[in-house]
Amino acid sequence: MKIETQCLHSGYSPKNTEPRVVPIVQSTTYVYDSTEEVASVFDEPTKSLIYSRFANPTVMAVENKIAELEGGVGAMCTTSGQAATLLSILNICRAGDSFISTTEIYGGTVNLFSFTFKKLGIECIFIDKNASDEEIMKAFKPNTKAVFGETIANPALTVFDIERFARIAHANNVPLIVDNTFPTPVNLRPIEFGADIVTHSTTKYMDGHAQVVGGVIVDSGKYNWNNGKYPELTQPDESYHGVIYTESFGEAAYITKVRCQLIRDFGVAMAPLSAFLLNTGIETLHLRMERHCENALKVATFLENNEMISWVNYPKLKSSPDFELAEKYLPKGACGVISFGIKGGREAAVKFMDSLKLAAIVVHVADARTCVLHPASTTHRQLTDQQLIDAGIGADLVRMSIGIENADDIIDDITQALNEVKKCL
Ligand SMILES: *Cc1c(COP(=O)(O)O)cnc(C)c1O
């Protein structure tokens, strides 16, 4: 099936007389006829359902759908994108280990990697995504267990060279983990370019309606964990009566371990109602992404030709330093988020945002309605000046998430707000 069809049909195929729509199984637990039978499920956790912290039919339907959309062997939903990022690393890194990440990543991820992981004894080695192969190779240590990047960085909007980083990661015997939140699998399937693990904040385009916070981890099933670096996958798990994930679950070792061990212990399982809403969002993901991208390019082009705008950043603009990468990885489109600077710096940016009528100021991106945010004073407030520069965010940067309204209405709103800014100059 093509991706448009998968968005609608993957993950749930009702049989004769069963509900057309994925049912919300609002139950914490499942009934068994005998003690022996329930005991056997503890021995073989993927055999059937026992408790909704581990798995739930509504959540499983959306997990299977996302796994197919990304071309992976399995997926696991979490309560948020942050939880997905956290568990994707913790599944293969422990105290005393390190991993490598590019600096151009989501602000919440920067905090997690540089502060919270440090307290847990896990070191994140930050590198510039444009550093040479040699420089990146030098960053690896014997205890390095993964490489991490964002396919389109939020909010820097730079494009990650997946093939290059996969090659470097694999040359060092570690997997590549990518956060594919912004392009979604409709515009980019990182596994096809060598990524091993894919994460998402489903809060963004996948849900698409600003209704439910969620995350997901997808396992490509392609990484060979039997290289001596990942004893937690290749040797008995004493917390799960000695199961060896690579032996018992083969290509699904990573995604089974994260479920058996980390969802069990951290408890960040997605709720059935959230999964239901997410699934409804994904059904129209392909249509929405097309319109988001079409509108974003129109608005970005309009801004680029406006005298009050000092710069516009959108990977599908020819002026973007990542235009070539965008052509390669994002032929169908990038995402609906654009960023730009208004002449007059921070003050002009704030006046502009306060004057918008259609676009709302919200701490969110990537939903159907156009919205706007000033990252330096909100989402990235906790970052130091140097971290802001490393993340590609200046004080004049306005991040606008272009919705699926009529593009002319969005441009009219921007025009009237720029006129208000002009009055103050
Ligand atoms: C929002 C976001 C996250 C965090 O996701 P939450 O669902 O808010 O926890 C992670 N990565 C990217 C790229 C994001 O945009």
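Residues numbered from 1 in each chain as written. Predicted model: local features only at pLDDT ≥ 70, side-chain atom pairs only at ≥ 80, totals over all residues. Heavy atoms only, no water.

J.: How should the overall build of the protein chain be read in this particular structure?
T.: Helix and strand counts for the protein chain stand at 17 helices and 12 strands. The globule rule puts the C-alpha radius of gyration for 425 residues at 22 Å, and the 22 Å found for the protein chain is close to it. Taken along its principal axes, the extent of the C-alpha atoms in the protein chain is 75 × 55 × 35 Å. Of all 425 residues assigned to the protein chain, the portion counted as buried reaches 58%. Expressed as a percentage of contacts within the protein chain between residues at least 6 apart in sequence, the contacts between residues at least 24 apart total 73%. The centroid of the 38 positive side-chain charges in the protein chain is displaced by 3 Å from the centroid of its 51 negative side-chain charges. (Helix = DSSP H or I, 4+ residues; strand = E, 2+ residues; numbered from the N terminus. Rg over C-alpha atoms; globule rule 2.2 N^0.38 Å. Buried < 20%, exposed > 50% of the residue type's maximum accessible area, 1.4 Å probe, protein only. Contact = heavy atoms within 4.5 Å. Lys, Arg positive; Asp, Glu negative; His and termini not counted. Charge placed at Lys NZ, Arg CZ, Asp CG, Glu CD.)

J.: Help me understand the packing of helix 12 (residues 272-283) against helix 13 (residues 285-304) in this model?
T.: Geometrically, a packed helix pair is captured by the angle between its two axes and the distance between the axes. Interhelical geometry of helix 12 versus helix 13 gives an angle of 60° and a closest axis separation of 5 Å. Viewed along their axes, helix 12 and helix 13 adopt a mutual orientation that is oblique. Contacts between helix 12 and helix 13 involve G281, I282 and E283 on the former and, on the latter, L285, H286 and R288. Residue composition of the contact of helix 12 with helix 13, by class: 2 nonpolar, 2 polar and 2 charged. (Axes fitted to C-alpha atoms, helices over the stretch in contact; angles between N-to-C directions. Parallel < 35°, antiparallel > 145°, perpendicular 65-115°, else oblique. Nonpolar A, V, L, I, M, F, W, Y, C, P; charged D, E, K, R; others polar.)

J.: I would appreciate a short explanation of the sheet that holds strand 4 (residues 144-150) in the present structure.
T.: Picture the strands of a sheet paired through backbone hydrogen bonds; they go either parallel or antiparallel. The strand order 1-7-6-5-4-2-3 describes an open sheet built from 7 strands, whose pairing is mixed. Each having just a single partner strand, strand 1 (74-78) and strand 3 (123-127) make up the two edges of the open sheet. The sheet shows a mean angle of 20° between the axes of neighbouring strands, taken without regard to direction. Two elements, strand 1 and strand 7 (residues 215-219), share 5 bridges in a ladder whose sense is antiparallel. (Pairing = 2+ DSSP bridges.)

J.: What exactly am I supposed to notice about the site of the ligand here?
T.: Around the ligand, the surrounding shell holds 14 residues, and the nearest of these are N154, D179, S201, T203 and K204. N154 places a side-chain nitrogen or oxygen 2.8 Å from an oxygen atom of the ligand. The side chain of K204 places a nitrogen or oxygen atom 2.6 Å from an oxygen atom of the ligand. The protein chains hide 92% of the 380 Å² of surface that the ligand would expose on its own. Its residues assigned to classes, the shell around the ligand shows 3 nonpolar, 8 polar and 3 charged. (Near = heavy atom within 4 Å. Polar contact = N/O pair within 3.5 Å; in protein donor to acceptor, adjacent residues only side chain to side chain. Areas by Shrake-Rupley, 256 points an atom, 1.4 Å probe, with all protein chains shown as cover.)

J.: So what exactly am I meant to see when it comes to the packing of aromatic side chains here?
T.: This model, assessed by the stated rule, comprises 13 aromatic pairs. Between F99 and F117, the aromatic rings sit 5.7 Å apart at their centres with planes inclined by 85°, giving edge-to-face as the arrangement. Remark: F117 occurs in helix 5 (residues 107-119) and F99 occurs in strand 2 (residues 98-102); sequence separation between them is 18 residues. Given the relative accessible area of 0%, F99 is considered buried. With 5.0 Å between their ring centres and 85° between their planes, F113 and F148 make a pair best called edge-to-face. In this pair, F113 sits in helix 5 while F148 sits in strand 4, placing the two residues 35 residues apart along the sequence. Among the aromatic residues, those joined into a cluster by ring pairs are F99, F113, F117 and F148. Between the NZ or CZ atom of K204 and the centre of the ring of Y106, over which it lies, the distance is 5.1 Å. (Phe/Tyr/Trp six-rings, centres within 6.5 Å; stacked < 30°, edge-to-face > 60°. Lys NZ or Arg CZ within 6 Å of the ring centre and 35° of its normal.)

J.: Just to check I follow, could you spell out helix 3 (residues 57-70) for this structure?
T.: Think of an α-helix as 3.6 residues a turn; residues three or four steps apart then line up on the same face. With 14 residues, helix 3 should cover 20 Å at 1.5 Å per step; its first-to-last C-alpha distance of 20 Å lies within 8% of that length. With 10 of 14 residues buried, helix 3 lies mostly within the body of the structure. Those residues of helix 3 that fall on the buried side of the exposure criterion are T58, V59, A61, V62, E63, K65, I66, A67, L69 and E70. Measuring from the backbone nitrogen of T58 back to the side-chain oxygen at the start of helix 3 gives 2.8 Å, which picks out N56 as the cap. Remark: G71 follows helix 3 within two positions and exhibits a positive phi of approximately 75°. (Expected span 1.5 Å × (residues − 1).)

J.: Would you explain the side chain of T199 in this entry?
T.: Mapped onto the elements, T199 comes out in strand 6 (residues 197-201). Sequence-distant contacts of T199, defined by excluding residues within four places in its chain, comprise A84, S88, I177, V178, D179, N180, T181, V216 and I217.

J.: What is the right way to read the environment of V174 from this model?
T.: Position of V174 among the secondary structure elements: in the loop between helix 7 (162-171) and strand 5 (176-179). Residues V174 and F99, 75 residues apart in the sequence, show an inter-C-alpha distance of 9.2 Å. The residues contacting V174, other than those within four sequence positions of it, are F140, T144, K145, A146, V147, A169, Y223, K229 and Y230.

J.: Teacher, can you tell me more about the domain arrangement of the protein chain here?
T.: One frequently used descriptor of interface size is the decrease in accessible area upon assembly of the parts. Assigned domains within the protein chain: domain 1 (8-281) and domain 2 (286-424). If you average the C-alpha positions of domain 1 and of domain 2, the two centres end up 29 Å apart. Each partner contributes to the interface: domain 1 provides 38 residues, whereas domain 2 provides 36 residues. Taking both sides of the interface into account, the surface hidden between domain 1 and domain 2 amounts to around 3,100 Å²; carbon and sulfur atoms contribute 60%. Of all residues in domain 1, L157, N187 and Y205 give up the largest surface area on contact with domain 2, accounting jointly for 23% of the area buried on that side. The interface formed by domain 1 and domain 2 contains 2 salt bridges. Of all elements in the fold, only helix 5, helix 7 and helix 8 (184-187) reach the threshold of two or more residues within the side of domain 1 that touches domain 2. The element that contributes the greatest number of residues to the side of domain 1 that touches domain 2 is helix 5, accounting for 5 residues. (Domains from an automatic or database assignment. Buried area = accessible area lost by both parts, 1.4 Å probe. Salt bridge = Lys/Arg side-chain N within 4 Å of Asp/Glu carboxyl O.)

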